[in-house]
Amino acid sequence: MKISYDPALPITDRHDDIAAAMRDHQVVVVAGETGSGKTTQLPKIAYELGRRAIAHTQPRRIAARSVAKRLADECEVDLGAEVGYAVRFDDQTSEATAIRLVTDGLLLAELQRDRQLSRYDTVIIDEAHERSLSIDFLLGYLKQLLPRRPDLKVVITSATIDVERFAEMFDAPIIEVSGRTYPVEIRYRPPAETGADDELDAIAQAVSELPNEGDILVFMSGEREIRDATDYLNGKKYPRTEILPLFGRLAAADQQKIFSNHPGRRIVLATNVAETSLTVPGIRYVIDPGFARISRFSQRLKVQRLPIEPISQASASQRAGRCGRVADGICIRLYSEEDHDSRPEFTDPEIQRTNLASVLLQMASLDLGDIKDFPFLDPPDSRAISDGINLLYELGALDAKKSGGRGLTKIGRRMSTLPTDPRLARMLLAADKLGCLGDVLVIVSAMSIQDPRERPLDRQQAADEMHRRFREPDSDFLSYLTLWKYIREMRDELSSSAFRRLCRDEFLHWLRIREWHDVHSQLRRTAKEMGLKPGTVGADPDRVHQALLSGLLSHVGLRDTDGREYLGARQAKFMIFPGSGLAKKPPRMVMVAELVETGRLWGRTAAKIQPEWVEEAGAHLVNHVYSEPHWSRRRGAVMAREKVLLFGIPLVADRLVQYGRIDPVVSRDLFIRHALVQGEWRTHHEFFAANQRMIAGVEELEERLRRRDLRVDDETLYAFYDQRVPADVVSTRHFDSWWKQARRKDPDLLTFDPAMLSDGPADADEEFPREWHSDGESYPLTYAFEPGMQDDGVTVDLPVDRLLTVDDRAFDWHVPGHRVELVTELIRSLPKRLRREFVPAGQFAPRLVEAMAPSAPDLSEELARQMRLLNGTIVSADDFDFESLPPHLRVTFRVVEDGVELARGKDLATLRRELSSHVRADLTKVARQEERTGLRSWDVGTIEPTITAGQVTGYPALVDEGSSVALRVLDTAAEQSVAMVKGQARLLSYALPTPVPQLGRALDLHAKLLLSTGPHKDAAAVIEECWLAALESLVVRHGGPVWDEVMFGLLHETVRAEAYDETEQAVHAVIATLQALGEVTPLPSTEAGEDVRVQLSWLIYPGFIRDAGVAQLRRFPLYLQAAKRRLDAPLTDDLLATQDLEARFHARTASLSTWARLAPEVQHVRWALEELRLSLLAQNLRTAFPVSVKRVTALVDAL
DNA sequence: GAGCACTGC
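Every value quoted in this text rests on a predicted model; they were computed, and no experiment measured them.

What surrounds DNA strand B is a group of 40 residues, the closest being Gly248, Arg293, Thr417, Gln522 and Arg604. In DNA strand B, atoms within 4 Å of the protein come 56% from sugar and phosphate. Here a phosphate oxygen of DNA strand B sits 3.3 Å away from a polar atom, N or O, in the main chain of Arg88. When residues of the surface near DNA strand B are traced back to their parent elements, those giving at least two are helix 5 (104-110), helix 10 (223-236), helix 16 (410-417), strand 22 (589-597) and strand 23 (601-608). For the surface near DNA strand B, the element with the highest residue contribution is helix 5, accounting for three residues. Looking at the surface near DNA strand B residue by residue, the classes come out as 13 nonpolar, 15 polar and 12 charged.

Among soluble globular proteins, nonpolar side chains are generally buried collectively. Grouped together as the largest cluster of nonpolar side chains are 118 residues, with contacts concentrated most on Val123, Val440 and Met447. In terms of residue count, helix 20 (residues 476-493) provides more of this core than any other element does, nine residues in total. Look past the residues within four positions of Val440 in its chain and what remains in contact with it is Met427, Leu428, Ala431, Val544, Ala547 and Leu548. Counting 52 residues, the second largest nonpolar core, distinct from the first, contains Ala640, Trp681, Leu750 and Ala903.

On the surface, a cluster of negative charge is contributed by Glu193, Glu337, Glu338 and Asp341. Residue contributions to the negative patch peak at three residues, all from helix 13 (residues 337-342). For Glu337, the position within the fold is in helix 13.

Okay, the confidence of the model for chain A next. Per-residue confidence for chain A averages 77 on the pLDDT scale, and 75% of its residues sit at or above 70. Between the elements of chain A, mean pLDDT differs from a low of 26, seen in helix 36 (residues 940-943), to a high of 96, seen in strand 6 (residues 122-125). Predicted confidence is poor over residues 932-1199, with pLDDT under 50, and the contacts of this stretch with residues over four places away or in other chains come to 348 contacts. Taken over the whole predicted complex, pTM reads 0.68, whereas the ipTM for its chain interfaces reads 0.87.

Right, let's talk about helix 23 (residues 541-549) for a bit. Listing the buried residues of helix 23 in full gives Val544, His545, Ala547, Leu548 and Leu549. For helix 23, the N-terminal cap is Asp540; the gap from its side-chain oxygen to the backbone nitrogen of Asp542 is 3.1 Å.

This next bit is on the side chain of Asp104. Here Asp104 is to be found in helix 5. Within the buried core, Asp104 has no salt-bridge partner, and the shortest N-O distance to an opposite charge, that of Arg60, equals 7.8 Å. Excluding anything up to four places from it in sequence, Asp104 contacts Thr57, Gln58, Pro59, Ser132, Ser134, Ile135 and Leu138.

What follows concerns the pattern of salt bridges. Side chains that differ in charge, positive against negative, can pair when their charged atoms come close. Applying the stated criterion across every chain, the model contains 53 salt bridges. Salt-bridge contacts for Asp464 lead to Arg455; the nearest nitrogen and oxygen are separated by 2.8 Å. Judged by its relative accessible area of 24%, Asp464 falls in the partly exposed class. Residues Glu825 and Arg828 are paired through a salt bridge, measuring 3.1 Å at the closest nitrogen-oxygen approach. Residue Glu825 and its partner Arg828 are located together in helix 31 (residues 819-828), separated by three residues, close to a single helical turn. Taken together, the shared-partner salt bridges in this structure form one network comprising Arg131, Asp136, Arg165 and Asp378.

Conventions and cut-offs
- Residues numbered from 1 in each chain as written.
- Chains lettered and ligands numbered in written order.
- Predicted model: local features only at pLDDT ≥ 70, side-chain atom pairs only at ≥ 80, totals over all residues.
- Heavy atoms only, no water.
- Near = heavy atom within 4 Å.
- Polar contact = N/O pair within 3.5 Å; in protein donor to acceptor, adjacent residues only side chain to side chain.
- Helix = DSSP H or I, 4+ residues; strand = E, 2+ residues; numbered from the N terminus.
- Nonpolar A, V, L, I, M, F, W, Y, C, P; charged D, E, K, R; others polar.
- Core = buried A, V, L, I, M, F, W, Y, C linked by side-chain atoms within 4.5 Å.
- Buried < 20%, exposed > 50% of the residue type's maximum accessible area, 1.4 Å probe, protein only.
- Contact = heavy atoms within 4.5 Å.
- Patch = residues over 30% accessible without salt bridge, like charges linked within 9 Å, V, L, I, M, F, W, Y side chains within 5 Å.
- Areas by Shrake-Rupley, 256 points an atom, 1.4 Å probe, with all protein chains shown as cover.
- Salt bridge = Lys/Arg side-chain N within 4 Å of Asp/Glu carboxyl O.
- Lys, Arg positive; Asp, Glu negative; His and termini not counted.
- Charge placed at Lys NZ, Arg CZ, Asp CG, Glu CD.
- pLDDT = per-residue confidence, 0-100.

Written out as structure tokens, the structure reads:
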């Protein structure tokens, strides 16, 4: 290796000083401007000193490559031999390599494998003044490492700015090397002083000020400003002048133009890319408006901001330096010198401007301890550190927020081994779990690089059109996949030159596509080495998005219900970037890959997502807010409304959840209060029923005794349960499983002690009895303590058939418990002249009550008798005014039938009148109905010999439940006919086959309708309608399967209308037919009991039944047609094909009408009853119908 | 309704 030094280079003069310093010090700082030769000469000096493992870092890959090439040339060795370079995707080094050019990022990454940097004896950190994250981290790391590696030499080079700080940090000597650049004249031209209208005008004025020869570099802050300026300057039509834009996202071909030869003058309008990354050749003049977009991290919203800011003095001098490389230069600053001098000296180092998650993750995986103790040159502030920690926690890389960045999780450790941004690394790990790593590798790689889609200034529309082919409706991420597949396909099909041409024609950036591919391969390889399973692309898009989401939880947004703006984390408001496929139709909820604040906050690369995904992926971050905890009797648990929020974004607005696991204390409290204390629970636990009974008993006692102070309060009951029910019982389910065990030990644990409930009097049942005994019958009594209300006091239930016969005088006595009060009030109700003989009434009353004979039939007479006996006052029974008594001292009558209340009141005579007039009204209607329809009601007299007022024997007993109020109460034949109809209706419903009780009820209802039907309807028509409605409602409700039953019910009804002696036979015939068709199973109606009902019902009102039956028979073909529509076609066809079935029914219709006209009803009754008896006897079905064989036999005998 | 520039086992 040839080591020689170019005497023309300024550094050569300091060669010996530098060599000496490196010998004597572990760290040396070399300060020198561009052109000093430090970059190429320093490694040679180190080599000369015997150093054979030199790492020499550069901020950019391209620099590492070109420095290595130049060095290899100078040393006359092959690149990759003694001198080599290693950058991402490209390692040109070998065993022999002594000088290794690397990017600082790569050296940093090497730490993961080689914590001591043991493969190097020398590290040169070049361009340290750039202060990238990597450089700052490396410097801090070296500071810690050097004491442990005394043999390691470090050289730090920097532009002459701020070198003292590096020297101080390492206690190192500074060797200054002069630059070899041409002088640059600085002119300050603030727009205010030149009279320029705006920045563009100021630029134009500066251009005019400069000579016509020599290229000009103008620094702009962004793409849009460059576009505006290009248009503006083109408009000036400078002679022989070419205007060229230059910025990072520029199409490759356009960027290359700055390197091409050109006639005349060139004005390059560039972003900061020209300040460090790209050297524009041949620049003589610089125009510097003094602004740049600087990336900053927003403290409040935790997003990246790109504000336009005045640049620092260091940046300004860097810009000026761009025109002193080939000859003397002029730099025109469009601001004043005072402005310049007042600006910050240096641009803030990157570590103070970005999220620290990535650094923190690396530090944690390198076990570097607390970041606060790490020797950063410019330590990040504590808020920035906690932001970084929070992001790592969000990603699941740290297990707790408060471990100072330590406490790396398994996921975190694996993330740190993936060479990509923490968010992206998280996505890869999630993808592996979800089985979509193949797809996510492609997407993550795309997100790691600059957008491969080009958008040349002058052909934006054409480019957009080309790119639109890859667009996916709900996801920009999927567009990457589509593009990837397309590129893969094309690359396989085309030659490499054809492929490059395709890229150019279709606005794809070839170099970035290669980068995409390289990143993908590297990530895929690393993933495989980690044991992940990449697989292929083509997984379920939902899974892909769920994987991506786990890296983008704080980049979720919920759109305004009407608008385009999204509510993001921490109340950030953002919009989808216009370049996105989702910008026009923004979905309700999205995630975005990037959130960057420029003019406003933009979300770039977006996809539609589901809130449930966020809830799941962000389970460690979401907030649950609960409201309205309440007892749900149905669920047997406490329920609450749940709201789920992620960083303040509502994911779930209102969800009903079990509250037990959330707040067991409150839930248990509500469970005890509602389920146990208030009894809002349906359960079979014995203690519960017993306690309920006890409480009900006490409450009833309160009503009876007219007191409100007997029952213990709920708090006492609560305390009772609270002491016994364990803390973890928060619902009926918890209770049941606890009680299953607990009751074995003490079954009475939860049963109330009656003593604790009340201390009511022992003789309550005698004073306030639950039953009233009179005439050998007993009537239930109920009590109400509701002063002022009509029913206040005692109510007696009076069955309607006792209404006429009961002795109402007995009730004047009232219950013993109220008798003294009753007598007191009766005394007070006397006319004054009598009343004054018994003052005070309250003292006389007990004595009178004592003396009265409780067996006396009439209270008034007995009381009057006793009063006369007491002091000779002549009181008549009529002198007492019962009407004036307070309501609770007069019994209320409640007239009931089958437990249903018909009427109530305190005066029996009135009740009796009301009920009979009600029935008469019904009867009048029926009489008119009979006239209109010609239908005849049953002539009761012919079959019922023994109906008298209040006493009905024989027939009504037979009809049993079918009997009615009127039948039992009234005694005229006409009135009874109504009762017959009612009873018949009831029986009709019983007569139906049991599988269709709905039909039975429908007909019952219908019979009632019949009684009140309007003048335009006749009975047959109404019953017809009823049938149809019942059938339809049944079929609608139950569908096809029920249809069979309905059909059967129908047939049964129809057959029933035929001669009763054929009934059973006919039913069997029908069943047999249907069975032959494979449609029905035998139905219980074939049993004798059912048939008996059929016969009975039709005996009672044969005319009615006959007509209804005829109508139904006529309908039969219609029913069949309906059946055809509803049943499977083949079956129905078969059914319809059975022509003789239909014919038979028609024939029977005819015979039925003939028969009906001839047959005298009475005879049918006898006949039928005989039949019934025989049938019952023969089949020994004692319980088939609620009449016993004995009763039927008795009835037949009576007839 | 439109964004500075870099970098990585």
